[in-house]
Amino acid sequence: MRIDVLTLFPKMIEEPLGESIIGKAVEKELLEINVHDFRQYSDNKHKQVDDYPYGGGAGMLLKVQPIYENLKAIEEESGNQKKRVILLDPAGKPFNQKMAEEFSQEEQLVFICGHYEGYDERIRSLVTDEVSLGDYVLTGGELGAMVMIDATVRLLPDVLGNQTSAKTDSHSTGLLEHPQYTRPAEFEGMGVPEVLMNGNHRLIEEWQLKESLRRTYLRRPDMLEKVTLTPEMETFLAEIKQEE
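Throughout this description, residue numbers start from 1 for each chain and increase along the sequence as written. For this predicted model, a pLDDT threshold of at least 70 governs which residues receive local features, and a threshold of 80 or more governs which side-chain atom pairs are given and counted, while totals over whole chains, interfaces and linings are taken from all residues. Excluding hydrogens and water, the side-chain figures rest on all heavy atoms present in the structure.

Student: Quick one: what's the story with the overall build of the protein chain, residue by residue and with numbers?
Tutor: To qualify as a helix, a DSSP run of H or I must reach at least 4 residues; to qualify as a strand, a run of E must reach at least 2; elements of each kind are numbered from the N terminus. Scanning the protein chain for helices and strands turns up nine helices and 10 strands. Values of the radius of gyration come from C-alpha atoms, whereas the globule rule sets the reference at 2.2 Å times the count of residues to the power 0.38. For 244 residues, the compact-globule estimate of 2.2 N^0.38 gives 18 Å, and the C-alpha radius of gyration of the protein chain, at 23 Å, exceeds that figure by more than 25%. Counting only C-alpha atoms and orienting by the principal axes, one finds that the protein chain spans roughly 70 × 40 × 40 Å. To sort residues, take the accessible area from a 1.4 Å probe on protein chains only and compare it with the maximum for the residue type: under 20% means buried, over 50% means exposed, and anything in between is partly exposed. Across the 244 residues in the protein chain, those meeting the buried criterion constitute 42%. Residue contacts are counted whenever heavy atoms from the two residues lie within 4.5 Å of one another. In the protein chain, the proportion of contacts linking residues at least 24 apart, taken out of those at least 6 apart, comes to 72%. Here the Shrake-Rupley method, with its probe set to 1.4 Å, supplies the accessible areas, and only the displayed protein chains count as covering residues. For the protein chain, the computed accessible surface area is about 14600 Å², with 49% contributed by carbon and sulfur atoms.

Here it is in structure tokens:
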């Protein structure tokens, strides 16, 4: 996969994405990340990328010209006509795990990180997706882009050592993940559930499913409205409601 990021602050992107799992993916050539300072594409002699809005209003807007020229340069370099161009915008569609899974199937992703008060509306005609990290406003799109890149890249083949782990993460199954434990078996009076240590895989899987349902029911009951429950899950959920 190739990822391009348009930003006014390249260092905010370059250093964090050079670490941990993403950094290793780049080293293994499973991923290519290119960070572009779109200020360099401004046709203004002072490299200005923002201006006052027509009709008045508070703040400054990012101009369309530098973004357009940067995207054009990326297309000429990569030769990819089918890339997804993602505009980071508080008014965009909320990002979620399903979207990360969808992005992970693409050959190329381009993220545009905004700043100032907003965008010249014509920039929206250049993108395929308008995405928000959540119902709040940040000073710029860099943090949102890094979160989306991290959530997407970890789903690529061979990026994680155990790919099964990504498939069972919270939100990937539609439920929150079940509780997990590691050594020691007892610590300060807190023990590991016996079922996890008896070696009976069928019982372990049943316990994990039930506890995943329990955690979702207690913490995010809204998620259950979107899940198609099997007869087994319905039985477990009825037991959980009685127990709680």
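Student: Tell me about the nonpolar core, and name the residues and values.
Tutor: Take the buried residues of types Ala, Val, Leu, Ile, Met, Phe, Trp, Tyr and Cys, join any two whose side-chain atoms come within 4.5 Å, and each joined set is a nonpolar core. Counting 42 residues, the largest nonpolar core has Ile3, Leu6, Phe95, Phe111, Ile112, Ile149 and Val153 as its most contacted members. The leading source of residues in this core is helix H5 (residues 142-153), at six residues. Apart from the residues lying within four places of it in its own chain, the contact partners of Phe111 are Ile3, Asp4, Val5, Leu6, Ile86, Leu88, Ala145, Met148 and Ile149. Core analysis: the next-biggest nonpolar cluster, separate from the first, contains eight residues, Leu175, Leu213, Val227 and Met233 among them.

Student: An account of the UniProt feature "binding site: S-adenosyl-L-methionine" (unreviewed entry) in the protein chain is needed here, citing residue identities and associated values.
Tutor: UniProt positions are given in the numbering used here, feature names are shortened, and annotations may be inferred rather than shown by experiment. Annotation from UniProt places "binding site: S-adenosyl-L-methionine" (unreviewed entry) at Gly114, Leu133, Gly134, Asp135, Tyr136, Val137 and Leu138. Tracing the sequence through the fold places Tyr136 in the loop between strand S8 (129-132) and H5. We classify Tyr136 as partly exposed; its relative accessible area is 46%. Locating Val137 in the fold gives a position in the loop between S8 and H5. Take Val137: its relative accessible area is 67%, and that puts it in the exposed class.

Student: Mind laying out the sheet that holds strand S4 (residues 61-62), listing which residues take part and the relevant values?
Tutor: A pair of strands counts as paired when DSSP detects no fewer than two bridges linking them. Here three strands make up an open sheet; going across it, the order is S3-S4-S7 and the pairing mixed. The open sheet terminates on both sides in strands that have one partner only, identified here as strand S3 (50-51) and strand S7 (118-119). Bridge count between S4 and S7: two bridges; the pairing is parallel. Considered in S7, the bridge of Leu61 is made with Gly118.

Student: Outline the domain arrangement of the protein chain, listing residues and values.
Tutor: Those domain boundaries reflect an automatic or database domain assignment. Under the domain assignment, the protein chain is made up of domain 1 (2-161) and domain 2 (170-243). Placing the centre of domain 1 and that of domain 2 at their C-alpha centroids yields a distance of 37 Å.

Student: If you had to explain the pattern of salt bridges to someone new, which residues and values would you point to?
Tutor: Should a side-chain nitrogen of Lys or Arg be within 4 Å of a carboxyl oxygen of Asp or Glu, the pair is scored as a salt bridge. This model, assessed by the stated rule, comprises 18 salt bridges. Between Glu75 and Lys83 there is a salt bridge, with the nearest N and O atoms lying 3.0 Å from each other. Owing to a relative accessible area of 32%, Glu75 belongs among the partly exposed residues under this scheme. What makes Lys83 buried here is its relative accessible area of 9%. In this structure, the salt-bridge partner of Arg202 is Glu206, at a minimum N-O distance of 2.9 Å. Residue Arg202 and its partner Glu206 are both found in helix H7 (residues 201-219); the two are separated by four residues, about one turn of the helix. For Arg202, a relative accessible area of 51% corresponds to the exposed category. Taken together, the shared-partner salt bridges connect Lys210, Glu211, Arg214, Glu239, Glu243 and Glu244 into one network.

Student: Please give an account of the environment of Arg214 that cites residues and values.
Tutor: Its location among the elements puts Arg214 in helix H7. Residue Arg214 is classed as buried on the basis of its relative accessible area of 14%. Once the C-alpha coordinates of Arg214 and Glu244 are considered, the two residues, 30 residues apart in sequence, prove to be 9.0 Å apart. Sequence-distant contacts of Arg214, that is, excluding residues within four places in its chain, are made with Ile240, Glu243 and Glu244.

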